[in-house]
Amino acid sequence: MSTYFQPQKYPATEFASTGATDEALPVVVVGAGPVGMGVALGLAQRGIPVTVLEAADQVSFGSRAICISRHSLEVAARLGFGPELEKIVLPWVGGRSFYRDEQVLHFEMAHGDHDVRGPMVNVSQSEIEQIMTDTLLAHPLITFHWSSSVAGVLRSDEDVTLDVDTAFGARRLRARWVVAADGGRSRMRELAGIRLQGNSYQGNYVIADIHWESTLPAERMVWFDPPSNPGSTIIMHQQPRDIWRIDYQLDSADDAELETQEDRIRDRITRHLDWLENDVPWTLEWHGFYRAHALALDDFTHGRILFAGDAAHLVPIFGVRGLNSGMEDAETLAWTLAAVVHGTADKSLLRAYSAERRAAWQQNVDNAGKSTLIMSPGSHGYRTTRDAVLALATTRPEFGHLINPRQSSATHAHLSPLTWPVAEGTTGVLPGDPMEDRRVRVTTADGSVQSSLNRVRGTGFAVLGVGVDPAGARMIAAHASALAMALSPETVRAVVVPAPGAAVAVAGAADLTVLDDPDGALAQALGASAGECFVIRPDGLVLCRVRDLSLLGDVRDHLKTATAPALGVVPTHTETTATPDELLRENVWMGLSEALDQAGESDREGFLTRFALLLGSQSGRREFEEALAAASHVSGKVSSGTPRHSHADA
């Protein structure tokens, strides 16, 4: 029996228009996807009433986004629906890629004993939305209107008027602020007269969810040019309750309309599962279709209309950055908009939101773009080099890193107008970096108890001092208290790690959390020296890192005006997880691909021959002969068409 999730339907909502003499609604959120609901939860958490408009009568149907990053789970925990979400997810840590029937990559995402959560989990977007919907409907400050679509927008300097089509006739709502989170085909974007800018990639993918009681492991599996579907690329992911997501690429000559019919989809999947020696029945539950895009608005703020998620930007799906990036949008927009609504910050804070999140989109595109050039190369040059990389990787595993999907990780805000500079040479966790959750021990009057950094620092700001003495701890607590008064109702918590041998009192210190770090693991992870202090934003990014604790008194004024001090250097990481040899191969791959695209169609073989002669003449005879042998060995290989991995070892 199928376990596929079926969303419940909700009756259309009847509501009155905002009268001419009525006070404008504080915030209206258009779109009840994960991003819109995330913004609503974050605002309500800060005491702001929110009205949510959703054109449909249920949450989305189908898996859509399924890979949820560790950082998004942290966001979910801070927004209040994390515990329910984590009950139903399926964790995974890595994956395998195959060229025809040969494994060419086995990767694992970073994870360690200090992590509170694994690097990635799978669960359908539909189920995430249902959990979020249940949380919203139970919140007293959130009003939810189903079957309510925006038909018109009228803007002024003070508010936004929305014409809304409902089952009960036309309604008109007036709001001080409107958050447009109504997806990639945003009606709000259309009504505002603005368009996404950027690139769309060649290559169409069919996506399908099947119920299949397989014993294959929960990992990302990809086949390039599999014998089951020659010329195609197939991706498989397991979801909870024996649901599997299968994505496969269509050939450029395929008729997309024909290939998205159910009989064609069943045929493609059957051929692949039969090739995997499957003898377990399966059922097709849902299917869809997509292309990869790298598009964004130039500015995410347009007067009192604020754009977030797919309404503001689209990223290629490879590396699973869409929903994960959208959750970052939601949390950042929630605290910045709340500060403006409460009057604790200028509207310039929203311009900082726009600058940060558009820069985050660029980070995602830079990484996902490389994955897309492997998964769905859109030119002759990149198709040629992709196939060559795959072939080489069967015998030269050092080329496998080029196939790595570069899974989603939290973006940084180094160039944000909010981010404070640092002293030159500072290393470790820098301003603008995400402060990852990790296991910690909290000192209490009865001894130490296990907790996590995310739980300790709360849902608002946190001031974290490392290696401080009692006087420093008192100063941090005082600054945190003053900042809390200035930013109210935003919360501010003080957290300290005492210096070795320092006795920081915990009895009765309700305004101070003391962490036990006897081996210095936390200080080492942060790269912090004794007495340093980090101010952490509600969305988990580090705002500033200071050695002079008196500078904490300047945080409030800089937040209010969305500025940062001018002294110091822009924080940036120069290190990379890639080795010099890996960076060299990546540069060769991309440079050769682009050179091939620039070569004349009739001169491609000649270009490659001249290129090989030039490189060969600069190599030693032994190296040249070894390279010739390696290339010849690969070109002579023929796939057997028989899978070399069983259900047990795939």
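None of the values given here were measured: they were computed from a predicted structure.

(A) The arrangement of the overall build of the protein chain in detail. For the protein chain, the helix and strand inventory stands at 17 helices and 26 strands. Its C-alpha atoms give the protein chain principal-axis dimensions of roughly 75 × 70 × 50 Å. Scored against the burial criterion, the 650 residues of the protein chain give a buried share of 53%. Considering only contacts within the protein chain whose residues lie at least 6 apart along the sequence, 74% involve residues at least 24 apart.

(B) Structural detail: the sheet that holds strand β5 (residues 94–99). Pairing is mixed in the open sheet, where 8 strands are placed in the order β6-β5-β13-β14-β15-β12-β16-β19. Taken across any chain shown, the strands that pair with only one partner, and hence form the sheet edges, are β6 (102–108) and β19 (313–314). Of the strand pairs in this sheet, β5 and β6 are connected by 6 bridges, and their pairing is antiparallel. Paired with serine 97 across the two strands is leucine 105, which belongs to β6. The sheet contacts of helix α9 (residues 348–375) involve β12 (197–212), β13 (220–224), β14 (233–239), β15 (243–250), β16 (282–296) and β19, and relative to β16 the element is tilted by about 120°.

(C) A look at the sheet that holds strand β22 (residues 461–468). If you trace the 7 strands from one edge of the open sheet to the other, you get β21-β20-β24-β23-β22-β25-β26, paired in mixed fashion. Looking at strand neighbours, the two that pair on one side only are β21 (447–452) and β26 (542–546), the edges of this open sheet. Averaged over all pairs of adjacent strands, the angle between their axes in this sheet comes to 30°, without regard to strand direction. Bridge analysis of β22 against strand β23 (residues 492–498) gives 7 bridges, and the strand direction is parallel. Across the sheet, residue leucine 464 finds its bridge partner in β23, namely valine 495. Of the strands in this sheet, β22, β23 and β25 (532–536) touch helix α12 (residues 470–487), which is tilted by about 170° from β23.

(D) Focus on the pairing of β5. Among the 6 residues of β5, 6 are classified as buried, and the element is accordingly described as predominantly covered. Because side chains alternate across β5, one face comprises the buried residues Gly94, Arg96 and Phe98, and the other comprises Gly95, Ser97 and Tyr99, equally buried. Hairpin remark: β5 followed by β6, antiparallel, with 2 residues in the connecting loop; positive phi at arginine 100, about 60°.

(E) Structural detail: the pairing of β14. Counting buried positions along β14 yields 7 of 7 residues, so the element is predominantly enclosed. Here β13 runs beside β14; their pairing, made up of 4 bridges, is antiparallel. Bridge pairing links phenylalanine 224 to threonine 233 in β14. Across 6 bridges, β14 lies against β15 in antiparallel orientation. The residue bridging glutamine 239 from the neighbouring strand is isoleucine 243, located in β15.

(F) Inspection of the nonpolar core at higher detail. Residues Phe81, Leu162 and Phe307 are the most contacted members of the largest nonpolar core, which totals 101 residues. Of all the elements, helix α8 (residues 322–342) adds the most residues to this core, at 9 residues. Other than its neighbours up to four places away in sequence, phenylalanine 81 contacts Leu41, Ala76, Ile128, Ile131, Met132, Thr135 and Met327. Within the second largest apolar cluster, 40 residues are counted, among which are Tyr99, Leu105, Trp286 and Ala393.

(G) Molecular detail of helix α2 (residues 70–79). Burial of α2 is extensive: 9 of the 10 residues sit out of reach of the surface. Considered for burial, the residues of α2 that qualify are Arg70, His71, Ser72, Leu73, Glu74, Val75, Ala76, Arg78 and Leu79. Looking at the buried side of α2, the elements it contacts are α1 (34–45), β3 (67–69), α3 (82–86), β7 (120–122), α8 and α11 (453–457).

(H) View of the packing of α9 against helix α15 (residues 580–598). Relative orientation of the contacting elements α9 and α15 amounts to 60°, with a least axis distance of 13 Å. Taken together, the axes of α9 and α15 lie oblique to each other. Relative to α15, α9 is oriented so that their crossing is left-handed. Listed contacts from α15 to Lys370, Leu373 and Ile374 of α9 are Glu586, Trp589 and Met590.

(I) Looking closely at the environment of arginine 241. Structurally, arginine 241 can be placed in the loop between β14 and β15. For arginine 241, a relative accessible area of 34% corresponds to the partly exposed category. For the pair arginine 241 and alanine 471, spaced 230 residues apart in the sequence, the C-alpha separation amounts to 54 Å. When near neighbours in sequence (up to four residues on either side) are disregarded, arginine 241 contacts Thr3, Phe5, Glu127 and His211.

(J) Here's a closer look at the side chain of serine 63. Take serine 63: it is sitting in the loop between β2 (50–53) and β3. The class of serine 63 is buried, set by a relative accessible area of 0%. Polar contacts involving the side chain of serine 63 include one to the side chain of arginine 245, which spans 3.0 Å.

(K) Seen up close, the side chain of arginine 386. Of note, arginine 386 is situated in helix α10 (residues 380–393). When its relative accessible area of 10% is taken as the criterion, arginine 386 is described as buried. Look past the residues within four positions of arginine 386 in its chain and what remains in contact with it is Phe224, Thr233, Leu373, Ile374, Met375 and Pro377.

(L) Unusual backbone geometry, seen in detail. A cis amide bond links serine 488 to the next residue, proline 489, at an omega of 15°. Residue glutamate 277 is not a glycine yet carries a positive backbone phi of 65°. Along the chain, glutamate 277 falls in the loop between α7 (262–275) and β16. When its relative accessible area of 53% is taken as the criterion, glutamate 277 is described as exposed. Positive phi, normally seen in glycine, also occurs at alanine 562, with a value near 55°. With respect to the helices and strands, the residue alanine 562 is situated in the loop between α14 (555–561) and α15.

Scoring rules and cut-offs
- Residue numbers here run from 1 along each chain, matching the order of that chain's written sequence.
- Totals for whole chains, interfaces and linings use all residues, but because this is a predicted model, local features are given only for residues with pLDDT of at least 70 and pairs of side-chain atoms are given and counted only at 80 or more.
- To get the side-chain values, all heavy atoms of the structure are used, and hydrogens and water are removed first.
- Where helices and strands are cited, they refer to DSSP runs of H or I of at least four residues and of E of at least two residues respectively, numbered from the N terminus.
- Note on classification: 1.4 Å probe, protein chains only; a residue is buried when its accessible area is under 20% of the maximum for its type, exposed when over 50%, partly exposed between these limits.
- Two residues qualify as a contact provided that any one of their heavy atoms is within 4.5 Å of a heavy atom in the partner residue.
- In this description, strands pair whenever DSSP reports at least two bridges between them.
- Interaxial angles span 0 to 180 degrees and are taken between N-to-C directions of axes, which are lines fitted to C-alpha atoms, for helices over the stretch in contact.
- What makes a nonpolar core is a set of buried Ala, Val, Leu, Ile, Met, Phe, Trp, Tyr and Cys residues whose side-chain atoms join them at distances within 4.5 Å.
- Roughly parallel refers to an angle under 35 degrees, roughly antiparallel to one over 145, roughly perpendicular to one between 65 and 115, and oblique to any angle outside these ranges.
- Here a crossing is called left-handed whenever its near helix is offset anticlockwise from the far helix by less than a right angle, and right-handed whenever the offset is clockwise.
- Contacts described as polar in this section are N or O atom pairs within 3.5 Å, which, within protein, must combine one atom able to donate a hydrogen with one able to accept it, while residues neighboring in sequence count only if both atoms come from side chains.

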